[in-house]
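What follows is the residue order along each chain.
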Amino acid sequence: MTSTIPHQLAAAPSSAVPPETAAPPELLSPAPPADAEPGLRSVAVVGLGYVGLPTALALHRSGVAVRGVDVSRRRLEAVRGGQVDLLPSDLLDLHAALASDGFSVGDDPTAVAEADAVIICVPTPVDDHLSPDLGPLESACRAVVDWARPGQLLVLTSTTYVGSTHDLLVAPLAARRGLVAGRDLHVAFSPERIDPGVVEHEQGRTPRVVGGTTAECTRRAADLVGRLTSSVHAVSSAEAAEMTKLYENTFRAVVLALANEVAGICRTLDLDAVEVTDAAATKPYGFLAAYPGPGVGGHCIPCDPHYLLWQMRLHRTPTPLIEQAMTSIAHRPHEVVARAVEVLSDQGRGLAGARVLVVGVSYKPGVRDVRETPALEIVRGLEQRGAVVAYHDPLVPELRLPDGRVLASATDAPQEQWDLLLLHTVHPGADLSWVSAHPLVLDATYRFAAAPQRHVV
Ligand SMILES: NC(=O)c1ccc[n+]([C@@H]2O[C@H](COP(=O)([O-])OP(=O)(O)OC[C@H]3O[C@@H](n4cnc5c(N)ncnc54)[C@H](O)[C@@H]3O)[C@@H](O)[C@H]2O)c1
């Protein structure tokens, strides 16, 4: 737990903010062409991860000079060497950008002072107790406040609790630097909606929400994010934009928890959960398809709703539905392990001593990211019950387990015999024809009907 106390929702924003009328919600028109913003020549992007790097590249494509700032030397080396997990088109852009004059990366936070605008997109994870770990965000915001200068635009994009923009930027800018948001410089929140590895959800076609400290802050931030997308939706405050992001990801968490529960119902009734979901999805309104799986991973859905739960505990506001969804999501890998026990037991054997191959370990198809991947809990659970576990994932050559051990992907796995294949992630284009030849398959993806001895969770 960090020392930061969430900003009270009932409190007015900062008393240091000038009494400017907030912008009404509206859909802003697409960004003006680059030459309509003569003031914006350079942008600093703080945090060059799954979100920051594609954002930096898109800004560079839009015609501004970009300076990427990251505290991780390892990450900077990977970026400079082009060894990063990006969509193929972004990877090409990265090589071109690195060879150009207007794109550079480094670890010096003072570079922030040289930029006309600063975008902050550092991680906002949860700790082992599922409480927000605000360390990276607080540290990044502290550095930006230290080096901010009059006339700049500062846009926070990390998913975080409601009031963060005020607490971590607006208030310290006024208190430590004497810089008033809306008067001396502009501050806004605009949540990221990048969907790593999914070409259909590319940034340029994904609308962005923007809420500033004042109406002018909102307008300037909308101009900036309008360089990244063709549609910008303005809300009345940074707090409304922060809550928007938490709501959309909490919605997703609840729907995924429901999808897993419905899959259990379908198994009980001997129905195919995917067939039923596809059929329900033909309804043109009021239903959003979500599919069951081995659990929910990545840096967003298993983490973001905990920022809301944490904040609501301060307010003593009950959130039973979200609590239940997050408990169910956290428990899902244990259900997968329990099902593995059941499936093996139906064959007259136990999990102890069984050779189990987990197929695919990243948290979703097409990415190398293993943050919060359910595979970690599943491997741990299988091993705790005595199974001999290996994994096979062409995108993840090594997997660091919670106990510090590092497993290497079993490249020869398709040729070997396994007591149980546990399908966790199926990457696009992966040749899994060998799976069908195996006698026992637990398909936690619900997508591999081809395997003859296939069981679902
Ligand atoms: N990954 C996603 O799919 C996704 C989608 C939408 C929103 N988000 C949100 O965007 C934010 C960033 O997520 P991400 O997935 O890009 O994280 P990430 O871990 O991939 O990258 C974050 C980068 O920030 C760097 N960093 C950490 N502290 C820093 C500091 N003080 N100064 C400069 N750099 C620092 C890290 O070294 C890392 O390279 C999070 O709040 C996340 O919830 C993520």
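Residues numbered from 1 in each chain as written. Predicted model: local features only at pLDDT ≥ 70, side-chain atom pairs only at ≥ 80, totals over all residues. Heavy atoms only, no water.

**Thoughts on the pairing of strand β7 (residues 186-189)**
Going by this rule: Type-normalised accessible area, obtained with a 1.4 Å probe on protein chains alone, sets the label of each residue: buried when under 20%, exposed when over 50%, and partly exposed for intermediate values. Secondary structure counts use DSSP, requiring at least four H or I residues in a row for a helix and at least two E residues in a row for a strand, with both numbered from the N terminus. Note on pairing: DSSP must find at least two bridges between two strands before they are called paired. Look down the strands so they point away from you; if the path from the first strand over the helix to the second goes clockwise, the crossover is right-handed.
Residue alternation in β7 divides its side chains into two sets, H186 and A188 and V187 and F189, and both sets are buried. Inspection of the sheet shows strand β6 (residues 153-156) paired to β7 by four bridges, in the parallel sense. Among the inter-strand pairings, L154 is bridged to a residue of β7, identified as V187. Taken together, β6, helix α5 (residues 164-177) and β7 form a β-α-β motif whose crossover is right-handed. Bridging between β7 and strand β8 (residues 208-212) involves two bridges; their strand directions are antiparallel.

**As for the packing of aromatic side chains**
The line we're drawing: Only Phe, Tyr and Trp rings are paired, with Trp represented by its six-membered ring, and only when their centres lie within 6.5 Å; those with planes under 30 degrees apart are stacked, over 60 edge-to-face, the remainder tilted. Geometrically, a charge over a ring is one whose NZ (Lys) or CZ (Arg) sits within 6 Å of the ring centre while staying within 35 degrees of the ring normal.
Scanning all chains against the criterion turns up one aromatic pair. Relative to W310, the ring of Y161 has its centre 5.7 Å away and its plane inclined at 65°; by these criteria the two rings are edge-to-face. Of this pair, Y161 sits in the loop between β6 and α5 while W310 is found in helix α9 (residues 304-315), placing the two residues 149 residues apart along the sequence. Residue placement shows R355 over the ring face of W418; its charged tip is 4.2 Å from the ring centre. Over the ring of Y291 we find R447, and its NZ or CZ is 4.5 Å from the ring centre.

**Focus on unusual backbone geometry**
Residue D270 is not a glycine yet carries a positive backbone phi of 60°. Relative to the assigned elements, D270 resides in the loop between α7 (238-268) and α8 (273-280). Even without being a glycine, R316 presents a positive backbone phi close to 55°. Take R316: it is sitting in the loop between α9 and α10 (320-346). By relative accessible area, R316 is classed as exposed at 69%.

**Things to note about the sheet that holds strand β15 (residues 441-443)**
Condition: For every element, the axis is a line fit to its C-alpha atoms; helices are fit only across the contacting stretch, and the angle between N-to-C directions ranges from 0 to 180 degrees.
Strand order in the open sheet formed by five strands is β11-β10-β14-β15-β16, with parallel pairing between adjacent strands. Here the strands that pair on one side only, and so sit at the sheet edges, are β11 (388-392) and β16 (454-456). Mean inter-strand twist for the sheet, computed between neighbouring axes without regard to direction, equals 25°.

**Overview of the layout of surface pockets**
This is how it is decided: Site definitions follow a grid-based scheme: protein atoms alone, a 1 Å grid, a 1.4 Å probe that fits but cannot get out for cavities, and for pockets an open set with protein on both sides within 12 Å along at least five of seven lines, plus lining residues having an atom within 4 Å of a point. Grid points are joined across faces, edges and corners, and a volume is the space filled by probe spheres set on the points. All residues other than Ala, Val, Leu, Ile, Met, Phe, Trp, Tyr, Cys, Pro, Asp, Glu, Lys and Arg, Gly among them, are scored as polar; the first ten of these are nonpolar and the last four charged.
Volume-wise, the second largest pocket comes out at about 550 Å³. Taken together, 28 residues line the second largest pocket, and the ones lying closest to its centre are P54, L86, L87, S89 and D90. Those elements giving two or more residues to the lining of the second largest pocket turn out to be α1 (52-61) and α3 (88-98). The residue inventory of the lining of the second largest pocket, partitioned by class, reads 14 nonpolar, six polar and eight charged.

**A word on the nonpolar core**
Note that soluble globular proteins tend to have their nonpolar side chains buried in a common cluster. The condition is simple: As used here, the term nonpolar core means buried Ala, Val, Leu, Ile, Met, Phe, Trp, Tyr and Cys residues forming a set that is joined through side-chain atoms within 4.5 Å. In this description, contact between two residues means that some pair of their heavy atoms is separated by no more than 4.5 Å.
I120, L169 and L173 are the most contacted members of the largest nonpolar core, which totals 52 residues. By residue number, the principal contributor to this core is α7, which donates eight residues. With near-sequence residues (within four places) excluded, L169 lies in contact with I120, C141, V144, V145, L156, S164 and V187. Counting residues in each nonpolar core, the second largest holds 34 residues, with A354, L420, L440 and L442 among its members.

**Remarks on the side chain of S158**
Looking at where S158 falls in the secondary structure, it is placed in the loop between β6 and α5. Among residues more than four places away in sequence, those in contact with S158 are I120, C121, V122, T124, L137 and F189.

**A word on helix α11 (residues 374-384)**
Those residues of α11 that sit buried are P374, A375, L376, I378, V379, G381 and L382. Packed against the buried residues of α11 are α10, β10 (355-359), β11, β12 (398-400), β13 (406-408) and β14 (420-423). Directly after α11, the chain includes G386, whose backbone phi takes a positive value near 95°.

**Observations regarding the domain arrangement of the protein**
Our working definition: Domain start and stop points were drawn from an automatic or database domain assignment. When two parts are brought into contact, each loses some accessible area as probed by a 1.4 Å sphere; the total of that loss over both is the buried area. Salt bridge, as applied in this entry: a Lys or Arg side-chain nitrogen positioned within 4 Å of an Asp or Glu carboxyl oxygen. Distance and chemistry together define a polar contact, namely a pair of N or O atoms within 3.5 Å, with one atom able to donate a hydrogen and the other to accept it when in protein, and with adjacent residues in sequence counting only for side-chain atoms on both sides.
Its domain assignment divides the protein into domain 1 (26-235) and domain 2 (332-456). Taking only C-alpha atoms, the centre of domain 1 and the centre of domain 2 are 37 Å apart. With eight residues of domain 1 in contact, the opposing surface of domain 2 contributes seven residues. Counting the surface lost from both domain 1 and domain 2, the interface buries some 600 Å², and carbon and sulfur atoms represent 42% of this. The interface formed by domain 1 and domain 2 holds two salt bridges in total. We note a salt bridge from R368 to D85, for which the minimum N-O separation is 3.9 Å. Joining domain 1 to domain 2, the criterion identifies three residue pairs in polar contact (both at pLDDT 80 or more).

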